[in-house]
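Here's the letter readout for the chains.
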Amino acid sequence: MDVEVRNIHKTFGKVHANNDISLVVKSGEVQGILGENGAGKSTLMKILSGFISLDAGSILLDGKEVTIGSPADSVKFGIGMLHQDPLDFPPLNVLDNLILGSRERMIPNRKKVRQEFVELQKQFDFSISPDAFIDSLSVGERQQLEIIRLLWLGAEVLILDEPTTGISAAQKIQLFAMVRKLSEQGKAILFVSHKLEEVEALCTQVAVFRQGMNVGQMLPPFDNDKLVEMMFGKILTRSDRKCCTQEKVNIEVSDLKIDDPRLPIKNVNFCIQKGEVIGLAGMEGSGQGLLLRALAGIIRPSGGHIWLCEENSSKKDFVGKHYFDFKDSGISFLPADRLDEGLIAGLDLREHFILAEKQKGFFVDAKAAMQLTEKRIKDFNIKGTAENMVESLSGGNQQRAELALLRQPLRLLLLDHPTRGLDIESTLYIWSKLKQRCSEGASIFFVSSDLDEILQYSDRILVFFGGKVSKPLDAGDVSVDQLGQLIGGRGWE
Amino acid sequence: MEKEKTKNPNQNSFLFNLLTNRASSMTLAVVFALVFTSLLVWMMKANPISVFQTIITGAFGSTNNFTQVIQAWVPLVLASLGLMFTFTAGLWNIGMEGQIVMGAIFSYGIIRIFDGSDASSALVIILCILAGILGGTLWAFLVGLLKNFGGVNEIFGGLGFNFIADAVMLFLVFGPWKPEGVANGSTKMLDTRFWLPQIEGTYLSLWALGIAIVCVILVTVILQGTYFGLKLKAVGKNNKSSFLLGIHTNRYMLLAFVLCGVLAGLTGALQVLGFNHVLRNNISGGYGYIGLMVGMLANIQPLITAPIAFIFIALSKGAAGLGIDLKLDSNLAGVIQGALVIFVLIMDGVRKVLIKKFKGVQSG
Ligand SMILES: Nc1ncnc2c1ncn2[C@@H]1O[C@H](COP(=O)(O)OP(=O)(O)OP(=O)(O)O)[C@@H](O)[C@H]1O
Ligand SMILES: [Mg+2]
């Protein structure tokens, strides 16, 4: 199906999120959409899928003008959207979830649905059990399920809003293969991303959004520098790798053991130096998340030691202590799922900053809080105001807000996908902020599914495979290929 | 027309503004509730105008009626204020009723101890109030403990403890605390020494009224101006994030129950000392449940509980005359209250959907 939008406008209060956007995506095309955080990409996608309504403009499907009043309408017209932040799934199994979303028949034919599901899956080499419970699926699997569900509902236009941010490299390959297949089948695909190399690999045409406007289109071969300039209005230079590692040991982990029913982890040994950045690589769910949470004090290891080392070379074992003790000794954890674990939907930015700071007295000093908030908004370049509810910020700006909540000073920063959903400029900016923390003596431990990010920013790398943890590897000595091998389970002794 | 609206919502249109402005949308809800009850009354072959007239005279027609409304406003507003804490923390304290009952029982217990002694009445009254607070708090605390450490949903815990409180009450008033000779579900009347001082010729106690007003202010300040209030709100909105941000979520949930219990207990004590002057079955007056409705409408803004509670009480006091004057059931008040809640919730839902869709979540 061909999709066309003409002169779309959408304002949120003073923000002109979509300003006269026009775009044509023909059947079989994969339309890339690039743009900085808050450029209005998700807004347009949500208009197409009926989640928000447009102020002015028109939508044409196969040349016929349509009115999309609700998500149900858009499904009826054959538009399916995979959201940037996964919508809540009810705690059901896969099949029930599928049936619940259809609402077609009063009495569902479970056998038929199961068969259709299995067949669709087979087309794309997915392997989700129809009886698995949704909570037991990884982010990547949920995403596969969601796409299958959209196709099952008859989607002819598929909108993928930053689909690669939470999934593993292997799942990304599967996803890309799927997208190519679907475009061959004649579906129109809109692919929103911040990663130029993904757009290059997949898209047949690209549009760049900036401050609510469609500022330009490009056909392959894509000129990356030109695209970056279109996105940000300037050419960006990558900062040089800078190592801040000091000779002093910050944290020592010995014989750490985590009893997870699905993925027991044993024999983890390493030291973190002050100022060091350690990247954790591995397929999603290989144990990185567990180790991160154990170091944060959120899950309790069943054995071993986490030594916090002091200047005078005395050290204290933190295994068994409460999460708040970890937090109070300067260990901060930044979860990946922003609105689920990091921020509080329903509170505004100012309230978040009040909560994140140390409590002073009994009454909140509204004026001081306002000043602090305004300073942080400026420091972290958050697009929003102190009174903005966090859920109204764009995905990337939510991420900046989360980073802006971190306290000073810090000993160890545990980051789960710190730059997920950030545009290129923000990623550079955030890492410069993080590196600054390192030069002040903090160590960083981060999980990322982006190998380039791991190689670019880590001093050392730990690779995870099925609960096994490698020895720390020097980032300077490994190549993407070697890393890929280890992640895939090859080359382990 | 419908098509026009979804496609190109004129954000300056009269209807759109009417539905998305909080004040006008609430007014509309009240109008709908009134129309709805009028229809109902009309179907019962009575004249809606005279029904509302009766209600208004019933509530405000004489000094006596009016003081009764004010008097009954006190326990309802206290109960609703208590529920502000639990609502803010995202909890449904259905156990409010039992907590009020326990407050009343504890407070009457003190009376029994000092009955016939020559202790100063001010001292006894203060002790009664403190004991009442203790009783309510204890009962709420138990629900909170069960929720935090036993994983029992506070709704079921609350219901259970309501039953137990009622059972204890029945046991006392028909058993050890029964007045000599009769068993009518109530204890002996308090010695007038222990009554909260009342305005001459009315049942209204300025002390009780004063306590209620102070509580409105206190709860507003606590919930809207302090770290405690903000943290409670955070816990109510997202427990997981709040914990990771460093809030002792369990402690805050317990505290919400405790503070709610404090106000429930206070309500119970005032029911004994200020209004009923006996301990009897059903002493809570259902304020725990009506308070839940008021609380829902107030949408965790403590200051708003005062006028809403006032409207609710005026309705039920005013409707008392319906049975006599118009041969209608005075339960009509309950119907109007229910209709109010439903229509307010509906209009609020409509407002939020419209705003979310057309304006985005801006602030507030
Ligand atoms: N519901 C809303 N209420 C208020 N403002 C909103 C709402 N949704 C989006 N906005 C604002 O509109 C602008 C565009 O947001 P949008 O989510 O479309 O950005 P985006 O291009 O998807 O960014 P990102 O890459 O960060 O996801 C932002 O300034 C955002 O704050
Ligand atoms: Mg977005």
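Residues numbered from 1 in each chain as written. Chains lettered and ligands numbered in written order. Predicted model: local features only at pLDDT ≥ 70, side-chain atom pairs only at ≥ 80, totals over all residues. Heavy atoms only, no water.

### Section: the site of ligand 1
What counts here: Near, as used in this document, describes a residue that has one of its heavy atoms within 4 Å of the molecule or strand being considered. As used in this structure description, the phrase polar contact means that two N or O atoms lie within 3.5 Å; if the pair is within protein, one of them must be able to donate a hydrogen and the other to accept it, and residues adjacent in sequence are counted only when both atoms belong to side chains. Secondary structure elements are defined from DSSP: runs of H or I of at least 4 residues count as helices, runs of E of at least 2 residues count as strands, and each element is numbered from the N terminus.
Around ligand 1 there are 21 residues in total, and Gly38, Ser42, Thr43, Ser394 and Gly396 of chain A lie nearest to it. In this structure, ligand 1 is bordered by residues of chains A and B. The separation between an oxygen atom of ligand 1 and a polar main-chain atom of Gly40 of chain A is 2.9 Å. His194 of chain A places a polar side-chain atom, nitrogen or oxygen, 3.0 Å from an oxygen atom of ligand 1. Only β2 (15–25), α1 (41–48) and α14 (395–404) of chain A provide two or more residues apiece to the shell around ligand 1. For the shell around ligand 1, the element with the most residues is α1 of chain A, which contributes 3 residues.

### Here we look at the nonpolar core
Soluble globular proteins tend to bury their nonpolar side chains together. Using the following cut-off: Only buried Ala, Val, Leu, Ile, Met, Phe, Trp, Tyr and Cys residues count toward a nonpolar core, and they belong to the same one when joined by side-chain atoms within 4.5 Å. Using a 1.4 Å probe on the protein chains alone, a residue whose accessible area is under 20% of its type maximum counts as buried, one over 50% counts as exposed, and one in between counts as partly exposed. We call two residues in contact when some of their heavy atoms are within 4.5 Å.
If you look at the biggest cluster of nonpolar residues, it comprises 161 residues, and the most contacted ones within it are Ile444 and Ile461 of chain A together with Val74, Phe85, Leu270, Leu279 and Phe312 of chain B. In terms of residues, this core owes the most to one element, helix α5 (residues 63–88) of chain B, which gives 14 residues. Non-local contacts of Phe312 of chain B, meaning those with residues more than four positions away in its chain, are made with Leu76, Ile290, Met293, Val294, Leu297, Gln337, Leu340 and Val341 of chain B. Counting 46 residues, the second-largest nonpolar core is a separate cluster that includes Leu137, Leu150, Trp152 and Leu227 of chain A.

### Some remarks on the interface of chain A and chain B
Let me state the cut-off plainly: Here the buried area means the combined drop in accessible surface, using a 1.4 Å probe, for two parts upon being joined, counting both sides. Criterion for a salt bridge: a side-chain nitrogen of Lys or Arg within 4 Å of a carboxyl oxygen of Asp or Glu.
Contacts between the two partners involve 49 residues from chain A, matched on the other side by 35 residues from chain B. Surface buried jointly by chain A and chain B totals about 3500 Å² across both partners, of which 61% is contributed by carbon and sulfur atoms. Looking at the side of chain A facing chain B, the largest losses of area belong to Phe324, Ile344 and Leu355 of chain A, adding up to 17% of the total buried there. Applying the counting criterion to the chain A and chain B interface returns 2 salt bridges. For the pair chain A and chain B, the interface holds 14 residue pairs in polar contact (both at pLDDT 80 or more).

### Brief notes about the packing of aromatic side chains
We apply this condition: In summary, the pairing rule links any two rings of Phe, Tyr or Trp, Trp by its six-membered ring, whose centres are within 6.5 Å, and it sorts them by plane angle into stacked for under 30 degrees, edge-to-face for over 60 and tilted for everything else.
The full count for this structure, using the stated rule, is 18 aromatic pairs over all chains. Geometrically, the ring pair formed by Trp431 of chain A and Phe446 of chain A is edge-to-face, given 4.9 Å between the ring centres and 70 degrees between the ring planes. Residue Trp431 of chain A is located in helix α15 (residues 424–439), and its partner Phe446 of chain A is located in strand β18 (residues 443–447); the two are separated by 15 residues in the primary sequence. By relative accessible area, Trp431 of chain A is classed as buried at 2%. Its relative accessible area of 0% is what places Phe446 of chain A among the buried residues. Grouped by ring-pair contacts, the aromatic residues Tyr323 and Phe324 of chain A together with Phe243 of chain B constitute a single cluster.

### Concerning the side chain of Ser241 of chain B
Within the secondary structure, Ser241 of chain B is located in helix α11 (residues 239–244). In this structure the side chain of Ser241 of chain B is engaged in a polar contact, spanning 2.9 Å, whose partner is the side chain of Asn238 of chain B. Other than its neighbours up to four places away in sequence, Ser241 of chain B contacts Leu339, Asp340, Glu341, Gly342, Leu343 and Ile344 of chain A.

### Quick word on the pattern of salt bridges
Note on pairing: side chains with opposite charge can pair once their charged atoms come close. Across all of its chains, the model carries 25 salt bridges over all chains by this definition. A salt bridge links Glu311 of chain A to Lys274 of chain A, with the nearest nitrogen and oxygen atoms 3.0 Å apart. Of the two residues, Glu311 of chain A is situated in the loop between β14 (303–309) and β15 (315–317) and Lys274 of chain A in the loop between β12 (265–273) and β13 (277–282); the sequence distance between them amounts to 37 residues. Between Lys240 of chain B and Asp340 of chain A there is a salt bridge; the shortest N-O distance is 2.8 Å.

### Remarks on the packing of helix α7 (residues 121–150) of chain B against helix α12 (residues 249–276) of chain B
Helix packing for two helices is described by the angle between their axes and how far apart those axes are. Residue and element names in this part refer to chain B. Short version of the rule: Note on method: axes are straight lines fitted to C-alpha atoms, helices fitted across the in-contact stretch only, with angles between N-to-C directions ranging 0 to 180 degrees. Two helices cross in a left-handed way if the nearer one is turned anticlockwise from the farther one by less than a right angle. They cross in a right-handed way if the turn is clockwise. Ten residue types, Ala, Val, Leu, Ile, Met, Phe, Trp, Tyr, Cys and Pro, are classed as nonpolar, four, Asp, Glu, Lys and Arg, as charged, and the remainder, Gly among them, as polar.
Viewed as axis vectors pointing N to C, α7 and α12 meet at an angle of 145 degrees, and their least axial separation amounts to 6 Å. The element α7 and its partner α12 pack so that their crossing is right-handed. Across the contact of α7 with α12, the residue classes break down as 17 nonpolar, 8 polar and 1 charged.

### Thoughts on the confidence of the model for chain A
Our working definition: The predictor attaches a confidence to each residue, called pLDDT, with possible values from 0 through 100.
Predicted confidence across chain A gives a mean pLDDT of 88, with 96% of residues reaching 70 or more. Element-level pLDDT for chain A is lowest in helix α3 (residues 94–102) of chain A, with a mean of 77, against a maximum mean of 96 in strand β8 (residues 188–192) of chain A.

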